[in-house]
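Spelled out, the chains give:
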Amino acid sequence: MRMRSVLATVTAGLAAATCVTAAAPADAHSGKAPGVHACSPAVSITSYSDALDKTTYDGTFVGNLSALAVDHGGRIAALSDRSSLFTLDRETLRPTSVVNLVDEKGAALDSEGLAVDGDGTRLVTSEAEPSVRRYERDGTLVGSLPVPDALKVAPAGRATSNLTFEGLTLLPGGHTLLAAMEGSLSGDTAGIVRFQTWDRATRQGDFRLSAQYGYRTDTGLGVSEAQATPDGRLLVLERGFTAGVGNTVRLYLADLRHATDTRRVDTLTGQEGVRLARKTLLADLVNCPSLGARAKQPQPNPLLDNIEGLTITGRTPDGRLRLLLVSDDNQNAVQTTRLYSLSARLPHTVNG
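Read on for an overview of the structure. (Residues numbered from 1 in each chain as written. Predicted model: local features only at pLDDT ≥ 70, side-chain atom pairs only at ≥ 80, totals over all residues. Heavy atoms only, no water.)

**With respect to the overall build of the chain**
Item 1. Within the chain, the secondary structure is distributed over 1 helix and 23 strands.
Item 2. Out of the 352 residues belonging to the chain, those deemed buried represent 60%.
Item 3. Summed over all atoms, the accessible surface of the chain reaches about 13,300 Å², with 50% contributed by carbon and sulfur. (Helix = DSSP H or I, 4+ residues; strand = E, 2+ residues; numbered from the N terminus. Buried < 20%, exposed > 50% of the residue type's maximum accessible area, 1.4 Å probe, protein only. Areas by Shrake-Rupley, 256 points an atom, 1.4 Å probe, with all protein chains shown as cover.)

What follows is the structure in structure tokens.
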């Protein structure tokens, strides 16, 4: 939201992500710590970079970035919600290529979620309908996935425009794809959002509709990203904005293993017998050290901005997950395209 397949010998998406490391680019606009600085007992920040802010590459504005994914060879795919898909160098995180994405009629997308499949094709959500489409590396559209009627934007369904598929991730092994709705469906209790999954069919690239789950966000926040962890749980970014105050960004660990399949549950109200995903707070990013960052508008911590993208790029020597986050500047003078390098140690259990 502007606020705003599998090869037999390849583990798609996430598995590729866990064997590479991306470093924030070093320049005068970067904040770097001599070590790591704690945001919480579980999460630390090592650096941030504003090097891409208000820049262009090959005539394309580098901004509006809403999703990240690790590509083959460790490169980073970065998706703009204005239909541009960049490839970033794994070391410098600067663009090395860009392609334009369009729908079946040649129209631009409101592209928000991104996953790289085992064969190198890109799975991309657009939250206008919503949709999940598959593209070749060169941006050629090769297909789309089915979407449940209820998740479609009204009047076709019960979703609100710009509050649909904001996050996209392949679970370990690449056999299941998950899309996270940003906001609630009409009829569902405010704050309860739906996570839709697809299971891979027999043919390469084909997915069929599968289980659906409910997830409760914090009051006033929406889901801006969901990323599968190596053990099959989810890192979930919840994000909100208050004029004159700034952004709230919280990182949660969620577990769907005991959640109810809600695809046949018409309305989610927190009713008895319907188990929502369990979640536990890893960090409220307002508590991260600012590392000297500056904000262009009021923020409770100048490090914060409209953070929308998250991917796992590897592990630290002591086993923590390396995380790369990005903020969507909405091509707005008072917002910043900022990359964040964090690490996280996941608890064994999810409490809530």
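**A word on the pattern of salt bridges**
Item 1. Counted according to the given criterion, the structure contains 27 salt bridges.
Item 2. The salt bridge partner of Asp255 is Arg257, with a shortest N-O separation of 2.6 Å.
Item 3. Here Asp318 and Arg345 are joined by a salt bridge, their closest N and O atoms 3.2 Å apart. Highlighted residues: Asp318 in the loop between β21 (307-315) and β22 (321-327) and Arg345 in the segment after β23 (339-344), separated in sequence by 27 residues.
Item 4. A single salt-bridge network, built from bridges that share partners, covers Asp218, Glu238, Arg250, Lys279 and Asp284. (Salt bridge = Lys/Arg side-chain N within 4 Å of Asp/Glu carboxyl O.)

**Describing the environment of Arg75**
Item 1. Mapped onto the elements of the fold, Arg75 is located in the loop between β5 (65-70) and β6 (76-80).
Item 2. Residues Arg75 and Pro95, spaced 20 residues apart in sequence, show a C-alpha to C-alpha distance of 9.9 Å.
Item 3. When near neighbours in sequence (up to four residues on either side) are disregarded, Arg75 contacts Ala69, Val70, Thr87, Leu88, Arg90 and Arg137.
Item 4. Among the polar contacts listed, one links the side chain of Arg75 to the backbone oxygen of His72, at a separation of 3.0 Å. (Contact = heavy atoms within 4.5 Å. Polar contact = N/O pair within 3.5 Å; in protein donor to acceptor, adjacent residues only side chain to side chain.)

**Some points on unusual backbone geometry**
Peptide bonds are, in most cases, trans, and in most cases residues other than glycine have a negative phi.
Item 1. A cis amide bond links Glu129 to the next residue, Pro130, at an omega of -5°.
Item 2. Topologically, Pro130 is positioned in the loop between β10 (122-126) and β11 (131-135).
Item 3. Cis peptide bonds are those with omega within 30 degrees of zero, and the linkage from Ala154 to Pro155 qualifies with 10°.
Item 4. Here Pro155 lies in the loop between β12 (141-144) and β13 (165-170).
Item 5. Even without being glycine, Ser83 reaches a positive phi, approximately 75°.
Item 6. Turning to its location among the elements, Ser83 is positioned in the loop between β6 and β7 (84-88).

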